[in-house]
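Geometric and topological summary
One-letter residues, chain by chain:
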Amino acid sequence: MKKLLSILLAAMLAAALTPVMAFASSQTYELALVTDLGTIDDRSFNQGSWEGLVQYAQEHGVTHKYYQPKEQSDDAYLDSIQLAVEAGATLVVTPGYLFETPVFIAQDMYPDVKFVLIDGYPHSADYLEYRTESNTVGIQYAEEQSGFLAGYAVVKDGFTKLGFMGGMAVPAVIRFGYGFVQGAEYAAKEMGVDGLTINYNYTGVFAATPEAQALAATWFNDGVEVIFGCGGKLGNSAMAAAEASQDKWVVGVDVDQSGESERVITSAAKALRELVYQSIDAAYKDEFPGGQSLLVGADRGGVELPMESSRFKTFSQEDYDAIYAKLVSGEITLKTDADTDNPEDLSSEYIIVTAVK
Amino acid sequence: MDRRGRFAPLGAGLASAASSIIAILVGLAVGFAILLATNPAQAVRGLGVIAMGGFNGGMKGIGQVLYYATPLILTGLSVGFCFKTGLFNIGAPGQMIVGAFAGIWVGTNASFVPPPLLWAAALLAAALAGTLWGAIPGLFKAMLNVHEVIACIMCNYIGMYGVNYLIKNSNVYDPLKNQTIDMTRAAIPKAGLDNIFFSLKGRFHDASSVNAGIFIALILAIAMHVVLNRTVFGYELKACGLNRFASRYAGIREKRGVMLSLAIAGGLSGIAGGLMFLAPAGGLHITVVETLLAQGFNGIPVALLGLSNPIGIIFSALFVAYIDQGGYYLQRLEYMPQIIDVIIAVIIYFSAFALLMRQAIDALRSRLNRRADKRARGAGEEPV
Amino acid sequence: MNNAPDNFIIEMLGITKDFPGVRANDDITLRLRRGEIHALLGENGAGKSTLMSILFGLYRPDKGVILKNGRAVSISGPNAANALGIGMVHQHFKLVHNFTALENIVMGMEPTRLGLLRTDQARRQVLALSEKYGLRIDPDAKIEDSTVGAQQRVEILKMLYRENEILIFDEPTAVLTPGEIGDLTRIMRSLADEGKSILFITHKLNEIKQTAQRCTVLRKGRSVGTMIVKDTSVETMSELMVGRRVDFSIDKTPAKPSPSPMLRVERLTVKSGRQQKPLVRDVSFEVYGGEIVCVAGVDGNGQSELAYALAGLIPADAGRIYIAGKDVTRSPVRARNMLGLAHIPEDRQRYGLVLDYSVEENLALKSYFRSPFQRRGFLSFAVMRAHAERLMRGFDVRAAQGPATRARSLSGGNQQKAIIAREISELPNVLIAVQPTRGLDVGAAEYIHRRLLAARDEGKAILLVTLDLDEALAMSDRIFVIYEGAFAAEFDGVKADARELGLRMAGSGKRVD
């Protein structure tokens, strides 16, 4: 009886272990994406980039897969890139600036694999060395143009009291903010209205916090009609405050955030899907912009407002196309973080910027 | 009496190990069912990948298993130690994060400590902070008879939000990434493990993240084993856990035991937090998010699977990390990461029913014995 | 229909049951006649409870068959037993404390209509049964408010309500007062007269004489015979049970009290948390070395609380306690123990033992923190083992796997002997012994009485708290009767009269407060 039990146990163990033999030959996946923190359906960078990758892969019949790191650290991200490469990836898309260092390492480790880094440029962990190898392209966006489009659109849609709530005064956020102010000013000038006001604040966090929500509510109470919530999940605080009323609005950021709340009027978006698609397409056509750190704006279709899901009353597709063409042609030049540290310097006869502490 | 054909009672240790292994096999079987349901074509291969665990990644993969097992051993010990004294420490996530923050703060600010010892000072700070954080529910339990589960859950959230606040208002904050700064100076040393657990990627020496923390965890597990089984203190704590009336009758200061037990458990979790987050640039950072650390909660299945025995907990933590790592490599096949999470969680939690299984084994054994007797009678043998 | 010879309603034939390391029942045969009261006599650990548990379906026998009315039956659990008309009153009652008597009786077989309870019909039925057998109960009284005797009557009614015809009583008199025991005897007789068959587990020989027609004696898991009670002397039965002659008389030399009291209690009052009424009221007494002072009383009159307060397990609300001349009123348990207080607790499983510790660990429960049991904080298991082996030999503690046996798997008598071994070996100045022989067979009780007397003769002060009149009379040098928390009378141990003592315990006569 004892023998029987041990035989049984051994058989179970063997049954559990036999598949190991069958594992040797595994399928490969040519196109890969490694997710940033959050899941693939985060309605943000992961999802937008993945959609671009899937679109290309399906149109051209290429195998594809995404990988999720075990934890949020450079080492874990790098390990997932390795996992993707070992599973046969020839091109890896990494959405988000947290991949800057992992891609910096991976581009040397795997010279035969192409890397598309969205929203960042590869650099070493200590920020001392910025280097983009020939198998890698780093893409950053002209955020000021995206902000400009949003500012222009809301003023054209009839709003005169605006707010800008940024996460922290980091370059990307500053560019969004300055662009938003200048877009509003441009529209006011075009319409011949003056006396626009804009409250301008950096909350100091890239997260939805009760403090941020309280600030947004205060602004709405003081007559602000639309707030540009700019910085990670920060916008959700403004949305929560806006949801308490029927006539207050929020401008989303980075991706189309119309699904986050009914009060999102539009989003100052970066074109993730298109650029990922373009990059992959270029790689397969031997036109991969390797070694470049790209700053993409309207000229390359890198910024956009998601017009189909926007909730404008009067601002139309024609208006949008007209102003977009002006950005593409270079007719409009914008001030950025390189020009001034103080947003109040952007005030003019058409708009008064108040930096709220 | 003729004992042929009967199961002699297995040794206690052997029975525990056997029940744990059977529990694991049951867990794998259930996991296999989900593999079959989601992607039948690759299910067998998928089970193979999971069963291969860290070995899928060569030496680096094994190193990663040790790396992820390190905090699990400690939180498993934390939970298991309290189980032994009749308490349920569900406060490990809070104790970990508080310990981790204290470690990082000391690692950043204790400039008077010579750099080679900085990590040790930081880890000590992590242990102390965790101890304090564990002592709070202990105090509430001992003084006001507040159930430790409630106090522990409260302390989890207070710890998490408090640490988020403290990070943002101290010099350890990296606002750009919304996390703590790199701990390069106070990072736990690798102790040569990076020269064992690595794989070569071309000219790259791709080392695993495992560090000296695994040794600390192992030493503490053995220490806890000695404390529980060899010392007066352990005798008293276990007595409190098994029968607090009898402990009081024996003159054991039961309230002191409750407090010390939770404080020690907190210290263990605090060290777990320290070992996780006292990491160089490439490693983990405390991110300012409103999420409790999963490693803290995972101490519960680890402790259950290890039957609260410190040595058992080493193995069960290694098992959990191993299976988890297998799940990570399962991404090579056509399985979605979300489904993989489900599969791995199912395997681990089913395996944690080890205690239940043990009872089942005992029941089975006595039934087999009865049957053996019946056969003996049928054959005309007359047992005396 | 009933073709069984001799009209046996239940026959248990060749029952064998093994537990790890122990054969609890070895080829036991027991035949129960219809309408008889059949006593099952045996020492602790003789296998009585196991045998009855098998009949009630709690265990399956490893060997042997059970016949009901001559037909083999399989009893897979209490429900199956119930269906066969077998009911059992356990030693520890299985009642829901915050339910009423009626609710407890009908529980599990509540008469319902359209899913709603129909209690009026059940009430009539229960009251009729209660009338018929003289089982007085208040159907609406909550169990927690009922006396132990009333709870027992509820248990009996529960069996009758289920129309059980075979009634098992597991040591039913252990918890009763002398008056209640008389009532129970009458009830059992009337049940038998009505055709119920009764199995009666006990080790009290007098009760067997008074109630039972036949008696089966078990010793060490085997049946040593079934006899007609009226033809058998008490001495014979006890010899059969113990396997040797039992000396019922206790030789007691006159007490030689020490010059100063070892335990002094002054105006002690103990209140419970919830109730305003004190449980111990203004009690003063002394116990000198070399004497046994008894606190006798019916259960629930404050004697338990008195003992716990002396031991330091519950706080005193007023008054003073001195051990060996030192005021310990506010001292923790450990400090009292260090002054030489030993305590054989009333509830041996709750207080006396850590059931999941081994015997050796339990035997060190009062000494583990002292040298040589510990050195520099580490336990010496070798010392613990040697200590345990010595005590187990000295006090005849039997355990299947020696000192390493879990305390849980010891029989009740051996558990008690282990506690007594530990407490006496602590060389105490004062020994508080609360019901030290409760639930023990005569052999074990006799042994424990001798050990207590030996301790007394060595000069220990012994406070004996007991519910057992015979024990109080046999052992004590002085007897205090406790009634409703206060001392109602004091007797000289030698001259005390059993009837007088019983009356005072029951609360009659004049009170001395």
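Every value quoted in this text rests on a predicted model; they were computed, and no experiment measured them. Here the residue index of a chain counts from 1 through its sequence in written order. Each chain is given a letter, starting from A, and each ligand a number, starting from 1, according to the order in which they appear as written. For this predicted model, a pLDDT threshold of at least 70 governs which residues receive local features, and a threshold of 80 or more governs which side-chain atom pairs are given and counted, while totals over whole chains, interfaces and linings are taken from all residues. Water and hydrogen atoms were dropped before computing side-chain values, which therefore reflect all heavy atoms in the structure.

1. Side note on the interface of chain B and chain C
A common way to state how big an interface is: give the accessible area lost once the parts meet. As a reminder of what qualifies: Whether two residues touch is decided by their heavy atoms; if any such pair falls within 4.5 Å, the residues are in contact. As a working definition, buried area equals the accessible area (1.4 Å probe) given up by two parts on being put together, with both sides summed. Criterion for a salt bridge: a side-chain nitrogen of Lys or Arg within 4 Å of a carboxyl oxygen of Asp or Glu. What qualifies as a polar contact is a pair of N or O atoms within 3.5 Å, subject to a donor-acceptor requirement within protein and to the restriction that residues adjacent in sequence count only when both atoms come from side chains.
Contact with chain B, which involves 26 residues of that partner, is made by 32 residues of chain C. In total, about 2600 Å² of surface goes out of reach between chain B and chain C, with carbon and sulfur atoms giving 59% of it. For the pair chain B and chain C, the number of links is 0 salt bridges. At the surface where chain B touches chain C, the tally comes to 16 residue pairs in polar contact (both at pLDDT 80 or more).

2. Brief notes about the pattern of salt bridges
Residue and element names in this part refer to chain A. Where we set the bar: Only runs of H or I of at least four residues qualify as helices and only runs of E of at least two qualify as strands under DSSP, and these elements are numbered from the N terminus. Classification of residues uses two cut-offs on accessible area relative to the type maximum, computed with a 1.4 Å probe and protein chains only: under 20% is buried, over 50% is exposed, and between them is partly exposed.
Counted under the stated rule, the structure contains 49 salt bridges over all chains. For Arg-131, the salt bridge is made with Asp-108, and the minimal N-O distance between the two is 2.9 Å. Of this pair, Arg-131 sits in the loop between strand E4 (114-118) and strand E5 (136-141) while Asp-108 sits in helix H5 (residues 100-109); the two residues are 23 residues apart in sequence, bridging distant segments of the chain. The salt bridge involving Lys-270 is made with Asp-254; its shortest N-O contact spans 3.4 Å. Of the two residues, Lys-270 is situated in strand E10 (residues 264-270) and Asp-254 in strand E9 (residues 249-254); the sequence distance between them amounts to 16 residues. Residue classification places Lys-270 among the buried residues on the basis of a relative accessible area of 4%. Note on Asp-254: relative accessible area 17%, which makes it buried. Three or more residues are tied together by salt bridges with common partners; here these are Asp-119, Glu-143, Glu-144, Arg-175, Asp-254, Lys-270 and Asp-337.

3. Some details on the confidence of the model for chain C
Condition: Known as pLDDT, the predictor's per-residue confidence is scaled from 0 to 100.
Taken residue by residue, chain C gives an average pLDDT of 84. The fraction at 70 or more is 93%. Overall fold confidence (pTM) sits at 0.78, and the ipTM for the predicted complex is 0.85.

4. Quick word on the sheet that holds strand E3 (residues 37-42) of chain C
Residues and elements named next belong to chain C. Threshold: A pair of strands is considered paired only if DSSP assigns at least 2 bridges between the two. Helix axes are fitted only over the stretch in contact, all axes being lines through C-alpha atoms; the angle between N-to-C directions runs from 0 to 180 degrees.
Taken in spatial order, the 6 strands line up as E6-E9-E10-E3-E11-E12 in an open sheet, and their pairing is mixed. Looking at strand neighbours, the two that pair on one side only are strand E6 (86-89) and strand E12 (222-228), the edges of this open sheet. Here the average twist between neighbouring strands, direction ignored, is 20 degrees. Of the pairings in the sheet, the one linking strand E11 (residues 214-219) to E12 comprises 6 bridges and is antiparallel in character. Counterpart to Thr-216 in the pairing with E12 is Thr-226. Sheet strands in contact with helix H5 (residues 148-161) are E6 and strand E9 (166-170), and its direction is about 175 degrees off that of E6.

5. Here we look at the packing of aromatic side chains
Residue and element names in this part refer to chain A. In plain terms, the rule: Here is the rule: rings of Phe, Tyr and Trp (six-membered ring for Trp) pair when centre to centre is within 6.5 Å. Planes less than 30 degrees apart are stacked, more than 60 are edge-to-face, and the remainder are tilted.
Within the structure shown, the criterion is met by 29 aromatic pairs over all chains. With 5.8 Å between their ring centres and 85 degrees between their planes, Phe-176 and Phe-228 make a pair best called edge-to-face. Pair noted here: Phe-176 is in helix H7 (residues 171-191) and Phe-228 is in strand E8 (residues 226-230), with a separation of 52 residues, a long-range link. Comparing Phe-176 with Phe-228 shows no difference in burial state: the two are buried.

6. Examining a nonpolar patch on the surface
The cut-off we apply is this: Like charges within 9 Å and nonpolar side chains (Val, Leu, Ile, Met, Phe, Trp, Tyr) within 5 Å are joined into patches, using only residues over 30% in relative accessible area that form no salt bridge. Computed by Shrake-Rupley with a 1.4 Å probe, the accessible areas treat only the displayed protein chains as cover when residues are assessed.
Taken together, the side chains of Tyr-97, Tyr-127 and Tyr-130 of chain A together with Leu-176 of chain B make up a nonpolar region of the molecular surface, amounting to roughly 370 Å² of accessible area. Looking at the secondary structure, you find Tyr-127 of chain A in the loop between E4 and E5.

7. Thoughts on the nonpolar core
General note: in soluble globular proteins, nonpolar side chains tend to be found buried as a group. Rules: By nonpolar core we mean a set of buried residues, namely Ala, Val, Leu, Ile, Met, Phe, Trp, Tyr and Cys, connected to one another through side-chain atoms within 4.5 Å.
Residues Val-92 of chain A together with Ile-50 and Leu-330 of chain B are the most contacted members of the largest nonpolar core, which totals 119 residues. For this core, the leading source of residues is helix H3 (residues 58-84) of chain B, giving 12 residues. Ignoring any residue separated from it by four or fewer positions in sequence, one finds Ile-50 of chain B in contact with Leu-28, Leu-35, Tyr-322, Ile-323, Gly-326, Leu-330, Ile-343, Ile-344 and Ile-347 of chain B. Counting residues in each nonpolar core, the second largest holds 49 residues, with Phe-164, Ala-188, Cys-230 and Val-303 of chain A among its members.

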